[in-house]
Amino acid sequence: MRINGQVYNLGLDNRTSLLDALRDHVGLTGTKKGCDHGQCGACTVLIDGKRVLSCLSFAVMNEGREVTTVEGLASADDSLHPMQQAFIDNDAFQCGYCTPGQIMSAIGCISEGHAGSEDDIREYMSGNLCRCAAYPNIVAAILQARDEMRRA
Amino acid sequence: MRPFVFERPTNISAAVALVSSFADGRAPTQADVQFIAGGTNLADYMKLGVARPRRLVDLNDLSEPALRQIRISDGTIRFGALVRMGEAADRGDVKRHCPLLAESLKFAASAQIRNMASLAGNVLQRTRCEYFRETSWPCNKRVPGSGCAAMEGLNRQHAVLGTSDACIATYHGDFAQALIALDAVVDVEGRHGTRQIRFAKLHQLPGDTPDVETDLAADEVITAINVPFSEWSRRSRYLKIRDRESYAFALASAAVALDMDGDTVRQARIALGGVATVPWRARLAEEALVGKRLDQSAAETAADAAFAEAKPRRHNEFKVPLGKRTLVRALIETRDMKV
């Protein structure tokens with residue numbers, strides 16, 4: 001599969017989740033394991049541009065697909081993606097564990113066209129839990145990044 | 001997790017042939033070979049040891065284009081089985097013709113899960129009964145004949161309609177309530193060819209065999225879901241009441257579509273979620289409304305009829321009044337829709 005634009009040839013047990021493949025076999029530990037059962041959103045990545053839960057997908061099912069993780073967002077010159085910068089600008093996290101999943105999900109939320117209002121953002125981001133409850137700042141960050149991504 | 005062989009057929013006949021050669025006559029839920037599409041339900045249950053297939057047949061590379069299409073013609077919406085929930089929820093024409101369908105999808109799960117889960121897989125999702133999920137408990141659905149820990153256990157989430165002495169596990173799906181209300185029909189393909197099943201006949205009451213959940217054989221795969229609609233199905237909605245406002249299963253929900261002549265009900269379609277063991281059409285409530293002026297009192301009479309046979313247990317008694325109020329509110333809000 002392609003991960004962040006790079007081709008990886010992996011020999012994996014069929015039981016390996018995409019999440020474990022990314023973290024333990026490719027060494028991309030930005031994607032986080034929270035519940036490992038599809039209830040928290042910490043493991044959110046993009047597959048072929050759509051946000052999905054990497055814990056509920058077997059790696060083998062993603063053969064030939066394009067996976068984007070939080071490590072794939074910054075440009076080659078290390079400048080941050082507008083969503084990453086917006087999370088920093090708006091103090092949209094405390095412990096930071098849910099943040100990579102929040103950022104990936106937020107990018108999906110905007111590209112799906114579901115970030116029109118604060119209510120929409122809250123509804124369409126409900127699959128990403130933040131136990132520090134940084135929710136108001138996460139919504140603010142998404143609004144900022146949405147406008148910047150539209151301008152870009 | 002038990003090791004499994006992974007197969008990736010490229011057309012429906014090949015998928016059916018693969019499954020047929022390994023199906024052993026047991027119910028699909030117990031078979032050693034399983035189809036997988038989104039995987040949001042099955043992968044979770046494989047991790048928990050609830051599902052233990054020896055072979056997975058991945059449907060995502062099937063080449064038939066109709067499996068991924070939504071087609072609207074002649075009063076029918078045809079959803080290909082592999083269409084994802086999120087795509088169907090966002091379709092403007094689905095929203096316009098049948099708001100009920102789009103809402104039942106929009107308020108289900110989370111955006112990530114809706115991007116993954118196929119429509120056919122969604123209707124076949126298995127219960128989240130806590131005792132079904134945890135393999136150290138007895139569960140007649142998971143291990144036939146082992147007993148039911150929910151009967152005297154923490155059964156707050158459990159069903160009050162369609163229960164049996166063997167099982168009170170809730171069917172949690174939302175889309176299925178819209179489908180049963182609108183009299184959908186599923187297209188199925190198996191080793192003996194194709195057939196159609198009325199959605200109302202797809203799921204089976206738990207009875208003495210709660211492990212048998214549907215009318216499908218282990219070699220059969222759903223290829224499409226057909227939903228008839230008419231002018232009046234624009235007046236329809238899905239009301240879902242939960243412990244939190246989003247990303248939770250229904251404690252009670254109501255799928256309602258109304259054919260109105262002014263204030264009077266010509267025909268009503270009602271299904272109830274979160275309260276029953278299977279997708280639940282409330283026909284007695286529908287009959288109570290036909291020919292009546294739909295006001296608060298008529299709605300309450302219909303809701304009483306819907307729950308007349310309810311059998312609550314220790315922790316889920318609240319679902320009867322909650323379910324009734326949910327239906328009353330859904331009926332009044334649907335009546336008041338501007339269409």
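These numbers were taken from a predicted model, which means no experiment stands behind them.

Thoughts on the domain arrangement of chain B
Residues and elements named next belong to chain B. Annotation of chain B at the domain level lists domain 1 (5-58) and domain 2 (67-339). Between domain 1 and domain 2, the C-alpha centre-to-centre distance is 24 Å. Every contact between the two is made by 23 residues of domain 1 and, on the other side, 24 residues of domain 2. If you list the elements that add at least two residues to the side of domain 1 that touches domain 2, you get helix H1 (12-22) and strand E2 (33-36). In terms of residue count, the dominant contributor to the side of domain 1 that touches domain 2 is H1 (five residues). Residues of the side of domain 1 that touches domain 2, tallied by class, amount to 14 nonpolar, eight polar and one charged.

Observations regarding unusual backbone geometry
In most cases, non-glycine residues show a negative phi, while peptide bonds are predominantly trans. All names here are of chain A. For Asn-4, which is not glycine, the phi torsion reads 50° and is therefore positive. By the element assignment, Asn-4 lies in the loop between strand E1 (2-3) and strand E2 (6-7). Here Asn-4 falls in the partly exposed class, since 19 other C-beta atoms lie within 10 Å of it. Although it is not a glycine, Ala-133 adopts a positive phi angle of roughly 60°. With respect to the helices and strands, the residue Ala-133 is situated in the loop between helix H4 (118-124) and helix H5 (135-151). Ala-133 sits in the exposed class, given 10 other C-beta atoms within 10 Å.

Description of the environment of Val-52 of chain A
Its place among the elements puts Val-52 of chain A in strand E4 (residues 50-53). Take Val-52 of chain A: there are 30 C-beta atoms within 10 Å of it, and that puts it in the buried class. Setting aside anything within four residues of it in sequence, one finds Val-52 of chain A in contact with Val-45, Ile-47 and Ser-57 of chain A together with Gln-112, Asn-115 and Met-116 of chain B.

Observations regarding the pairing of strand E3 (residues 55-58) of chain B
Residue and element names in this part refer to chain B. One ladder, built from three bridges, connects strand E1 (residues 5-7) with E3; its direction is parallel. Each residue of the ladder has a partner; that of Val-5, found in E3, is Arg-55. Bridge count for E2 against E3 is four bridges, and the pairing is parallel. The residue of E3 that forms the bridge with Val-33 is Arg-55. For the crossover that starts at E2, traverses helix H2 (residues 42-47) and ends in the parallel E3, the hand is right-handed.

Parameters at a glance
- Residues numbered from 1 in each chain as written.
- Chains lettered and ligands numbered in written order.
- Predicted model: local features only at pLDDT ≥ 70, side-chain atom pairs only at ≥ 80, totals over all residues.
- Domains from an automatic or database assignment.
- Contact = placed C-beta atoms within 7 Å.
- Helix = DSSP H or I, 4+ residues; strand = E, 2+ residues; numbered from the N terminus.
- Nonpolar A, V, L, I, M, F, W, Y, C, P; charged D, E, K, R; others polar.
- Buried ≥ 20, exposed ≤ 12 C-beta atoms within 10 Å, placed from the backbone.
- Pairing = 2+ DSSP bridges.
- Right-handed = clockwise from strand over helix to strand, strands pointing away.

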